[in-house]
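# Survey of secondary and tertiary structure
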Amino acid sequence: MECKQAASLMHDYLDNELPEEQALDLKSHLDRCVSCRTRLKELEQTDMLMFAAVKHSLPSASDDVLNQIMSNLPKKRRQQPWLGWVKRHPALTAAAMFLLVMLFSTLSIWKSDDQLVVKGADLDKVRIEGHTVIVPEGTAIAGDLTIENGNTEVYGEVEGNLTVIDGSLYQASTAKIAGDAKTIDQALDWIWYRITNTFTEVAYR
Amino acid sequence: MAELSDAGLVKLARKGNQDAFAELVELYKDKVFHLAYRMLNNRHESEDIVQETFLRVYKNWDKYDENQKFSTWMYRIATNLCIDRLRKRKPNFSLDAELNDQDGTADGYSLIPGDNRTPESEFLLSETQQIIHQAIAGLPAKYKTIMILRYLQELSLQEIGDILNMPVTTVKTRVHRGREFLRKRLEHKLF
């Protein structure tokens, strides 16, 4: 064995990582080589001195360190559970925000608007008395009829759909409505109506 | 609370339990302090390191991997902070470059003045101990960290590798070289 190899084995020995077989090889080399024997002795002494010196006379941290650490901790930011949800579902959040904005804007329109509005293709035959829209007996209205913010009384005939928003609908026994007759007086129905109407209006423009 | 194992404390502390965190600090503050003290030789800076280490632990719980030993993770933070300090403190030139105007044995390391800020305890040290401490102080940083972890905390080579994020073989080589370095330093003075 050469001295160089012996040196590397010595370190393994000091690291407690030298297999028995190699330890025997090293021993037989040391028996023959004085300089390696001295070297191992010095290394061992270095090791022992290090263990002793490094640990010796270590001051301890001041008692205040714990308090300082604890008082310097950042204030806990209690993260809201919903915030976590928002971070995980950005698309849903955007959709929800959109709906919310829609809801409020439409609601505000719904609340503020109390003007009587009558929409239809054939309005000549319709009679309006105050807040009441009357389809007189014996008349036939061609196409759809929409009434907002007013009461509706139908004695005659409507050949399309009849929609009454935010008002009451009275159908006399003589009334004939070819299409659907609906009354919308709830916010959600109203919003749904606005949305579908917006889209169809846009589509037809 | 004292009955809880490290892992139990860590779990509680991670969930935001401040008492558990305080307990962890209490358990480990001296170890971090000693490590820093041996690296930096300065009491004040070492206390800073202790504070900074636990602050980072607290802020980075979400980066902690529970399969890892808490102490390993904590030592890693602490050693990185110490190495940063040493780097800032020392002038920036290559220590390994040989210096021509010196006799052949000298390199940059021998030119670094010993840290003269002698801590109070050093007055009480025997000459032998002072020689050893100077030898440790003279170790290049990359060996110093490893030797301190090895001799101060008696960590295994594997653990040191985990802390410093390097393969065990590298740690081994550096321990060997560090030991030889110290042996040569002490050779004429002590043996």
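Refer to the structure above for everything that follows.
Residues numbered from 1 in each chain as written. Chains lettered and ligands numbered in written order. Predicted model: local features only at pLDDT ≥ 70, side-chain atom pairs only at ≥ 80, totals over all residues. Heavy atoms only, no water.

Before going further, it helps to spend a moment on the overall build of chain A. A count of helical and extended segments in chain A gives seven helices and 11 strands. Residue pairs at least 24 apart in sequence account for 28% of intrachain contacts in chain A once pairs closer than 6 positions are excluded. Split by element, the accessible area of chain A, about 13200 Å² in all, is 55% carbon and sulfur. (Helix = DSSP H or I, 4+ residues; strand = E, 2+ residues; numbered from the N terminus. Contact = heavy atoms within 4.5 Å. Areas by Shrake-Rupley, 256 points an atom, 1.4 Å probe, with all protein chains shown as cover.)

Before going further, it helps to spend a moment on the packing of aromatic side chains. Residues and elements named next belong to chain B. Inspection of the entire model under this criterion finds 12 aromatic pairs over all chains. With a centroid separation of 6.4 Å and an interplanar angle of 85 degrees, the aromatic rings of phenylalanine 21 and tryptophan 61 are classed as edge-to-face. Taken together, the residues span a long stretch of sequence, with phenylalanine 21 in helix H2 (residues 18–40) and tryptophan 61 in the loop between helix H3 (43–59) and helix H4 (70–89) at a distance of 40 residues. Overall, the relative accessible area of 1% leaves phenylalanine 21 in the buried class. Among the aromatic side chains, those forming a connected cluster through ring pairs are Phe21, Tyr28, Tyr58, Trp61, Tyr64, Phe70 and Trp73. (Phe/Tyr/Trp six-rings, centres within 6.5 Å; stacked < 30°, edge-to-face > 60°. Buried < 20%, exposed > 50% of the residue type's maximum accessible area, 1.4 Å probe, protein only.)

The next subject is the sheet that holds strand E10 (residues 176–177) of chain A. All names here are of chain A. Across the sheet, three strands lie side by side as E4-E7-E10; this open sheet has parallel pairing. Single-partner strands in this sheet number two, and they are strand E4 (140–141) and E10. The sheet contact formed by strand E7 (residues 157–158) and E10 spans two bridges and is parallel. By the bridge assignment, valine 158 is partnered in E10 with isoleucine 177. (Pairing = 2+ DSSP bridges.)

Looking now at the interface of chain A and chain B. Each partner contributes residues to the interface: chain A has 34 residues there, and chain B has 44 residues. Seen at the junction of chain A and chain B, the total is six salt bridges. Where B:Arg179 meets A:Asp47, a salt bridge forms, and the shortest distance between an N and an O atom there is 3.1 Å. The interface formed by chain A and chain B contains 14 residue pairs in polar contact (both at pLDDT 80 or more). Looking at the side of chain A that touches chain B, the elements that each hand over two or more residues are helix H1 (3–14), helix H3 (34–55) and helix H4 (64–72) of chain A. Looking at which element gives the most residues to the side of chain A that touches chain B, the answer is H3(A), with 12 residues. In terms of residue class, the side of chain A that touches chain B is built from 16 nonpolar, 10 polar and eight charged. (Salt bridge = Lys/Arg side-chain N within 4 Å of Asp/Glu carboxyl O. Polar contact = N/O pair within 3.5 Å; in protein donor to acceptor, adjacent residues only side chain to side chain. Nonpolar A, V, L, I, M, F, W, Y, C, P; charged D, E, K, R; others polar.)

Attention now moves to the environment of B:Asn67. With respect to the helices and strands, the residue B:Asn67 is situated in the loop between H3 and H4. Taking C-alpha positions, B:Asn67 is 9.9 Å from B:Ala7, a pair spaced 60 residues apart along the chain.

Throughout the structure, instances matching the rule amount to 19 salt bridges over all chains. As a salt-bridge pair, B:Arg183 and A:Glu42 come within 2.7 Å of each other at their nearest N and O atoms. Within this pair, whereas B:Arg183 is found in helix H9 (residues 168–190), its partner A:Glu42 is found in helix H3, the two belonging to separate chains. In this structure, B:Glu45 and B:Arg85 form a salt bridge, with 3.5 Å as the shortest nitrogen-oxygen distance. Residue B:Glu45 is found in helix H3, and its partner B:Arg85 is found in helix H4; the two are separated by 40 residues along the sequence. Given a relative accessible area of 13%, B:Glu45 falls into the buried group. Because the salt bridges share partners, they merge into one network encompassing A:Arg39, A:Glu42, B:Glu180, B:Arg183 and B:Glu187.

Residues and elements named next belong to chain A. Pairing is mixed across the open sheet formed by four strands, whose spatial order is E1-E5-E8-E11. For this open sheet the edge positions go to strand E1 (117–120) and strand E11 (181–184), each flanked by a neighbour on one side alone. The mean angle between the axes of side-by-side strands here comes to 10 degrees, regardless of whether they run parallel or antiparallel. (Axes fitted to C-alpha atoms, helices over the stretch in contact; angles between N-to-C directions.)

Further remarks concern the packing of helix H6 (residues 127–137) of chain B against H9(B). Residues and elements named next belong to chain B. One can describe the packing of H6 onto H9 by two numbers: an axis separation of 10 Å at closest approach and a directional angle of 150 degrees. In terms of orientation, H6 lies roughly antiparallel with respect to H9. As H6 runs across H9, the sense of the crossing is right-handed. Packed against H6, whose contacting residues are Thr128, Ile131, Ile132, Ala135 and Ile136, the element H9 presents Phe181, Leu182, Arg185, Leu186, Lys189 and Leu190 at the interface. (Parallel < 35°, antiparallel > 145°, perpendicular 65-115°, else oblique. Left-handed = near helix turned anticlockwise from the far one by under 90°.)

All names here are of chain A. Residues Leu145 and Ile147 point to one face of strand E5 (residues 145–148) and Thr146 and Glu148 to the other, with burial holding for every one of them. Relative to E5, E1 runs antiparallel, the two sharing four bridges. In the strand pairing of E5, valine 118 is matched with isoleucine 147. One ladder, built from four bridges, connects E5 with strand E8 (residues 162–165); its direction is parallel. Residue pairing in the sheet places threonine 146 in a bridge with threonine 163 of E8.

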